[in-house]
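A structural walkthrough
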Amino acid sequence: MKSATPPNGHMPQHPALEREFTMRFTSTPRGARLARRLVSHRLNEWGHPYTTPVNETLTLITAELTANAVRHGHVPGRDFHVQLTLVEDIVRIEVTDTRAERQPPAYPAATDALSESGRGLLLVAALADDWGVRPRPAAPGKTAWAELQAQPKGHPVTHRVALEPTDLDLLLATASLLRDDLGSRPGDASCGGRRP
């Protein structure tokens, strides 16, 4: 049996899904940390090594979105879901939680310098090429997503806006907090899982 060919003789072209990683995680800080690490590992396997801007940026965005899912989207007994896709040169991260009544603002509000929280979505907005939140289809909850242009080697990055000095300071401070915990390494068990 022969398949039908369109009248113009060309088959429609759809962008092929090049890579996909999907997993559920417990809605705990440990689950958020594991999600961040697995996203970084997967990006490394897909040709974006750990120290590249794509890997570091997506890992930081993942950390913020999963922390929000745990802190603001937690429903007892329910997990959050992470989906990472790479289509052509766009990397997309989606984090889905099951709490529908707590929606993040469409535009992150500025916080004062002394606030201990409230900067996560500002960081996502500064780092991502595009981001947003949409309702979860056919179930309660929401999906926060972010996209980043993953340029092939040798091509300059386009349409990225330079960060303001205060945003850069925030980015560097947050990145330093997200480095691997000393307490999570097997050799550091004597510290009780905490930094000395």
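Residues numbered from 1 in each chain as written. Predicted model: local features only at pLDDT ≥ 70, side-chain atom pairs only at ≥ 80, totals over all residues. Heavy atoms only, no water.

1. Quick word on the packing of aromatic side chains
As a reminder, the rule being used: Each pair of aromatic rings taken from Phe, Tyr and Trp, with Trp reduced to its six-membered ring, is defined by centres within 6.5 Å and is described as stacked if the planes are under 30 degrees apart, edge-to-face if over 60, and tilted in the remaining cases. Runs of E in the DSSP output that reach at least two residues are strands. Runs of H or I that reach at least four are helices, and both are numbered from the N terminus. Residue burial is assigned from relative accessible area. The probe radius is 1.4 Å, only protein chains are included, and a residue is buried under 20% of its type maximum, exposed over 50%, and partly exposed in between.
One pass over the structure, following the stated rule, counts one aromatic pair. A ring pair is formed by F25 and F80, whose centres lie 5.6 Å apart and whose planes are at 25 degrees; its orientation type is stacked. With F25 in strand β1 (residues 19–25) and F80 in strand β2 (residues 80–87), this residue pair connects regions lying 55 residues apart in the sequence. The same class applies to F25 and to F80, which are both buried.

2. Structural notes on the side chain of D97
Going by this rule: Polar contact is defined as a pair of N or O atoms within 3.5 Å, subject to the rule that within protein one atom must be able to donate a hydrogen and the other to accept it, and that residues adjacent in sequence are counted only when both atoms are side-chain atoms. Only heavy atoms enter the contact rule, under which two residues are in contact if any of them lie within 4.5 Å.
Looking at where D97 falls in the secondary structure, it is placed in strand β3 (residues 90–97). Within the local environment of D97, its side chain forms a polar contact with the side chain of K142, the two groups lying 2.9 Å apart. Not counting residues within four places of it along the chain, the set of residues in contact with D97 comprises A69, G73, F80, R136, P140, G141 and K142.

3. Points about the pattern of salt bridges
Basically, it comes down to this: What counts as a salt bridge is simple: a side-chain nitrogen of Lys or Arg found within 4 Å of a carboxyl oxygen of Asp or Glu.
Applying the stated criterion across every chain yields a total of six salt bridges. With a shortest N-O distance of 3.3 Å, D79 and R24 are connected by a salt bridge. Highlighted residues: D79 in the loop between α2 (53–72) and β2 and R24 in strand β1, separated in sequence by 55 residues. For D79, a relative accessible area of 30% gives the class partly exposed. With a closest N to O distance of 3.4 Å, E45 and R42 form a salt bridge. Taken together, the positions of E45 and R42, both in helix α1 (residues 29–45) and three residues apart, correspond to about one turn of that helix. Judged by relative accessible area, E45 falls into the exposed class, the value being 54%. Under the relative-accessibility criterion, R42 is labelled partly exposed at 26%.

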